[in-house]
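Close look at the chain arrangement
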Amino acid sequence: MSGREVPALLLFLCLTVSSVWSQGSPQDNFIIQYLERRLAQVEERLTHCEQNTVSITQKTYDLSSEIRGYLSTVNVLRSEVKSQVDSVSVRVDRVERELEYLENKIPLQSDIEMEEALLEQQIKAAELDQLKKKATISLENDCNTALSQIKSLKIVKKVGDSYGSWFKDPSAGSDKVYLLSGIHNDTLLEYVSLQSFTERTSTPPAKVHQLPFAWQGTGHVVYDGFLYYHKADTANQILKVDLLSGTVADNTLLPGAGRLPVYSLNPNTYLDMAVDELGLWVIYADPEYGGNLVLTKLDKVNLAVDYTWDTQCKSRDAEGAFLICGTLYVVYNTRYGGRSTVQCLYDIHDTIHRLDTAIHAEHTQAGTFRMTRVP
């Protein structure tokens, strides 16, 4: 039913009702009431139709708004996909160029074989060079000295902390004595002689060296006017300090060292420097070698490693060690104290394999001892 037909129908019904009402018969009244009910039904349906139309219009608007939102999202996603495709295309082009470059750089099989042969020659040359170094250490500094006994030494002086180290420069013509008090400090005291060191009031007074960096432990040495020591707060850095200028002449890192105390009864020392007739050494414990001691020969000039030996001497219950002509002697005790004994030795020349007699070291209160060597 169209919009024009509804008013016309209503007008017709109104005229009809008026006409019938004017006649005033009972049958007419019935017809009028019937028509009124029909009109009410038509009006109700029209109202419902109008409501449905408004609802459908609103839903259509909402759907169109949602579709427009989806279209905007699709446009954004399309832009992102296009950007990613362009990026992938650029990467593919780059990969293709790199593959082409690598194809041009990959050597032929014959070149690879030649390089492998050259590498084998270099490895053999390096091994031969190591053997030559070991032979040089063994032959150029021939020693006929062996350890006979260790005698207790009287206390010469009480000074400084409970822990520390004092020693002479073993270089020829040097009578100076050096004192490093404590296990962590940056001051070195230099005495002109052993007699000056032992005096209650040293004459002349000890010379004070302020070191550029602090040390740790007690495993230091002075050799040819240079102090070699373990730099504090580092795992395995060794410093070489010129005592004349007070500056660092060189330094090195010793791979694998500094993870365990070198001697279990001396837990403050992780690197123990030593000097003997063959030169400069460093002793440390290696946990990957069962905690056994490792002996390394260093070049005193540039601190380069000349050679390293894995010894069978354990760090457990060890309290110290010393070297004579390339032979390492390790002193053992127990954590309860008692008589110290040299129980293990390692000879880099492989000429001394055992101790003929037990060698004991009787400690004084200062924990010092001396040794007697006989040719």
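Residues numbered from 1 in each chain as written. Predicted model: local features only at pLDDT ≥ 70, side-chain atom pairs only at ≥ 80, totals over all residues. Heavy atoms only, no water.

**Side note on the pairing of strand β10 (residues 272-276)**
On any regular strand, side chains alternate: one points to one face of the sheet, the next to the other face. Keep this limit in mind: Accessible area is worked out with a 1.4 Å probe on protein chains only. A residue is then buried under 20% of its type maximum, exposed over 50%, and partly exposed in between. Only DSSP runs of H or I covering at least 4 residues are called helices, and only runs of E covering at least 2 are called strands; the numbering of each starts at the N terminus. Pairs of strands are assigned from DSSP output, requiring at least two bridges between the strands.
Of all five residues making up β10, four are buried, and the element is well covered by its neighbours. Bridge analysis of β10 against strand β11 (residues 279-286) gives five bridges, and the strand direction is antiparallel. Across the sheet, the residue bridging to A274 is W281, located in β11. If you look at the hairpin formed by β10 and β11, you'll find two residues sitting between the two strands.

**Examining the state of the cysteines**
Selection criterion: For the purposes of this analysis, a disulfide is any pair of cysteine sulfur atoms at a distance within 2.5 Å.
Applying the stated rule across the entire model yields one disulfide. Two residues, C313 and C344, share a disulfide whose sulfurs are 2.0 Å apart. Because the sign of the S-S torsion sets the handedness, a value of about -85° for the bond joining C313 and C344 places this disulfide among the left-handed ones. Remark: C344 occurs in strand β16 (residues 340-347) and C313 occurs in strand β13 (residues 305-314); sequence separation between them is 31 residues.

**Digging into the nonpolar core**
Here is a general trend for soluble globular proteins: nonpolar side chains tend to be buried in one another's company. Heads up, the condition is: In these notes, a set of buried Ala, Val, Leu, Ile, Met, Phe, Trp, Tyr and Cys residues joined through side-chain atoms within 4.5 Å is what counts as a nonpolar core. Only heavy atoms matter for contacts: two residues are in contact if any of them lie within 4.5 Å across the pair.
Counting 20 residues, the largest nonpolar core has W281, I283, L293, L295, L328 and V330 as its most contacted members. Broken down by secondary-structure element, the contributors of at least two residues to this core are β11, β12 (292-298), β13, β14 (318-324), β15 (327-332) and β16. Contacts of V330, omitting those with residues within four sequence positions, involve L293, C313, A318, G320, A321, T341, V342, Q343 and C344. Among the nonpolar cores identified, the runner-up in size contains 14 residues, and V221, Y223, L271 and V294 belong to it.

**Quick look at the sheet that holds strand β4 (residues 184-191)**
How we decide: Axes, fitted as lines to C-alpha atoms, cover a helix only where it is in contact. Angles between the N-to-C directions of the axes lie from 0 to 180 degrees.
Taken in spatial order, the four strands line up as β2-β3-β4-β5 in an open sheet, and their pairing is antiparallel. The open sheet has two edge strands with one neighbour each: β2 (164-168) and β5 (207-216). Going across the sheet, the axis of each strand differs from the next one's by a mean of 20°, ignoring polarity. Bridge count for β4 against β5 is six bridges, and the pairing is antiparallel. Bridge pairing in β5 places E190 opposite K207.

**A few points about the sheet that holds β11**
Note: strands within a sheet are paired through backbone hydrogen bonds, in either parallel or antiparallel orientation. The strand order across the open sheet built from four strands is β10-β11-β12-β13, with neighbouring strands paired in antiparallel fashion. Looking at which strands have only one partner, the edges of the open sheet turn out to be β10 and β13. Going from strand to strand, the sheet's axes swing by 25° on average, the running direction of each strand aside.

**Quick word on the pattern of salt bridges**
To keep things clear, this is the line we draw: The term salt bridge refers to a pairing of a side-chain nitrogen on Lys or Arg with a carboxyl oxygen on Asp or Glu at a separation within 4 Å.
Under the counting rule described, the total for this entry stands at six salt bridges. Two residues, R259 and D286, come together in a salt bridge whose shortest N-O distance is 2.9 Å. With R259 in the loop between β9 (247-253) and β10 and D286 in strand β11, this pair connects stretches of sequence that are 27 residues apart. The exposure class assigned to R259 is partly exposed, which follows from its relative accessible area of 41%. A salt bridge links K297 to D306, with the nearest nitrogen and oxygen atoms 3.8 Å apart. Summarising the burial analysis for this pair, K297 and D306 share the class buried. Here the salt bridges do not stand alone but share partners, grouping R259, D286 and E288 into one network.

**Regarding the side chain of Q216**
Selection rule: Any pair of N or O atoms that falls within 3.5 Å is considered a polar contact. Within protein, one atom must be able to donate a hydrogen and the other to accept it, and sequence-neighbouring residues count only if both atoms are side-chain atoms.
Secondary-structure assignment places Q216 in strand β5. For Q216, the side chain forms a polar contact with the main-chain nitrogen of D233, separated by 2.7 Å. With residues up to four places along the chain from it excluded, the contact list for Q216 reads I183, H230, K231, A232, D233, T234 and Y270.

**Describing the pairing of β11**
Within β11, eight of the eight residues are buried, leaving the element largely enclosed by the surrounding structure. Bridge analysis of β11 against β12 gives seven bridges, and the strand direction is antiparallel. Its bridge partner being in β12, L280 is matched across the sheet by L298. Linking β11 back to β12 in an antiparallel pair, the connection comprises five residues, with G290 at a positive phi of about 75°.

**Let's talk about unusual backbone geometry**
Of all residues except glycine, most have a negative phi; of all peptide bonds, most are trans. Phi at L303 is positive, roughly 65°, even though this residue is not glycine. With respect to the helices, strands and loops of the structure, L303 is situated in the loop between β12 and β13. A residue is classified by how much of its surface remains accessible, and L303, at 1% relative accessible area, is buried. A positive phi angle, near 50°, is found at C325, a position not held by glycine. Tracing the chain through its elements places C325 in the loop between β14 and β15. What makes C325 buried here is its relative accessible area of 5%.

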